[in-house]
Amino acid sequence: MKIALLGYGKMGKVIEKIALERGHEIVLRKSRDSTYEGLENADVAIDFSIPDSAVCNIKQCFDTNVPVVCGTTGWLEHYNEMVSLCESKNGGFIYGSNFSLGVNIFFELNTYLAKMMSNLKQYKVSMEEIHHTQKLDAPSGTAISLAKGIIEAQNFGTDYTSWTLENPTEKEIYIDAKRIENVPGTHSVFYDSSVDQIEIKHTAHSREGFALGAVIAAEWLQHKKGVFTMKDVLNLDL
């Protein structure tokens, strides 16, 4: 399979390593200031760029009829626009806030636990996410996905409707976003009552888990049309 890398920073280089190990060819390594020359030769593109570049990269893929896997976060105000464009262009698209196989299992565990806790009004939910200091957006896309999973899974007694990084109201999930050197990504969800605490946690040890998941998603997306998620890739609809 021929892959175009849109974003060639630290993550792009790890994806390249994994892709080459799995027998794929890299036909484009695009940095922020380089051109899209070579994109037309790709079977699939993988975007791990920056928020300001992601939308342009995705549009270029649809215009070039190249399916695209996007792991860049911080641009989701344009997500519905990209879904509509994908459908109008008959393209292929997967967005994931986190492509780690373990994190996607963690997403399902988070949803399941939220449903279990829905009638226990004595518990208050909060979250913590820790990433390296180079991460541009806060909270992480993964943390936002976890919060949305909780909100959509149940009304949780106090009817959570959103998340916040500051002092939460009764209807807001508090997310404590921390930036510490050399932390690939740690996410925790807490359920606190006056007598105990329940915690679920995922800790990434390196970037390779994210990279492997992105390459697996690209392999799965080749020759497909439509908008998908990692639940489709991993068949996690239980």
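Right above here is the structure, for reference.
Residues numbered from 1 in each chain as written. Predicted model: local features only at pLDDT ≥ 70, side-chain atom pairs only at ≥ 80, totals over all residues. Heavy atoms only, no water.

(A) Region of interest: the overall build of the chain. Looking only at helices and strands, one finds seven helices and eleven strands in the chain. In terms of overall size, the chain behaves like a compact globule, its C-alpha atoms giving a radius of gyration of 18 Å where 238 residues would be expected to give roughly 18 Å. Put simply, the chain has 238 residues, and 50% of those count as buried. Carbon and sulfur atoms form 49% of the exposed surface of the chain, whose accessible area is close to 11500 Å². (Helix = DSSP H or I, 4+ residues; strand = E, 2+ residues; numbered from the N terminus. Rg over C-alpha atoms; globule rule 2.2 N^0.38 Å. Buried < 20%, exposed > 50% of the residue type's maximum accessible area, 1.4 Å probe, protein only. Areas by Shrake-Rupley, 256 points an atom, 1.4 Å probe, with all protein chains shown as cover.)

(B) Fine view of unusual backbone geometry. Cis peptide bonds are those with omega within 30 degrees of zero, and the linkage from A138 to P139 qualifies with 0 degrees. Here P139 shows up in the loop between β6 (124–131) and α5 (141–153). At N65, a position not held by glycine, the phi torsion is positive, near 60 degrees. Even without glycine at this site, N235 takes up a positive phi of about 55 degrees. Take N235: it is sitting in the segment after α7 (230–234). The exposed category is assigned to N235, whose relative accessible area is 61%.

(C) How the structure looks around helix α1 (residues 10–21). The end-to-end C-alpha separation of α1 is 17 Å, in line with the 16 Å expected for twelve residues at 1.5 Å each. If you check which residues of α1 are buried, you get M11, G12, V14, I15, E16, I18 and A19. Looking at the buried side of α1, the elements it contacts are β1 (2–6), β2 (25–30), β3 (44–47) and α6 (208–221). In the stretch just after α1, G23 is the one whose phi turns positive, near 90 degrees. (Expected span 1.5 Å × (residues − 1). Contact = heavy atoms within 4.5 Å.)

(D) Quick peek at the sheet that holds β6. With mixed pairing, five strands are arranged side by side in an open sheet as β7-β8-β6-β9-β10. Among the strands making up the open sheet, the edge pair consists of β7 (162–164) and β10 (197–203). Averaged over all pairs of adjacent strands, the angle between strand axes in this sheet comes to 20 degrees, irrespective of strand direction. Judged from the six bridges that link them, β6 and strand β8 (residues 172–179) form a sheet pairing that is parallel. Within the sheet, the bridge partner assigned to M127 lies in β8 and is I175. Along the sheet, helix α4 (residues 101–116) contacts β9 (186–192) and β10; its crossing angle with β10, the most-contacted strand, is approximately 165 degrees. (Pairing = 2+ DSSP bridges. Axes fitted to C-alpha atoms, helices over the stretch in contact; angles between N-to-C directions.)

(E) Layout of the state of the cysteines. By the definition in use, this model includes zero disulfides. No disulfide involves C56; its sulfur sits 9.7 Å from the nearest other cysteine sulfur, which is in C61. Of all cysteine sulfurs in the structure, the one in C70 sits closest to C61, which takes part in no disulfide; the separation is 9.1 Å. (Disulfide = S-S within 2.5 Å.)

(F) Local environment of the packing of α4 against α5. Contact geometry of α4 with α5 gives a least axis separation of 8 Å together with a crossing angle of 30 degrees. Judged by the inter-axis angle, α4 sits roughly parallel to α5. Handedness of the α4/α5 crossing: right-handed. Contacts between α4 and α5 pair V103, F106, F107, N110, T111, A114 and K115 from the former with T142, S145, L146, G149, I150 and A153 from the latter. Residues of the contact of α4 with α5, tallied by class, amount to seven nonpolar, five polar and one charged. (Parallel < 35°, antiparallel > 145°, perpendicular 65-115°, else oblique. Left-handed = near helix turned anticlockwise from the far one by under 90°. Nonpolar A, V, L, I, M, F, W, Y, C, P; charged D, E, K, R; others polar.)

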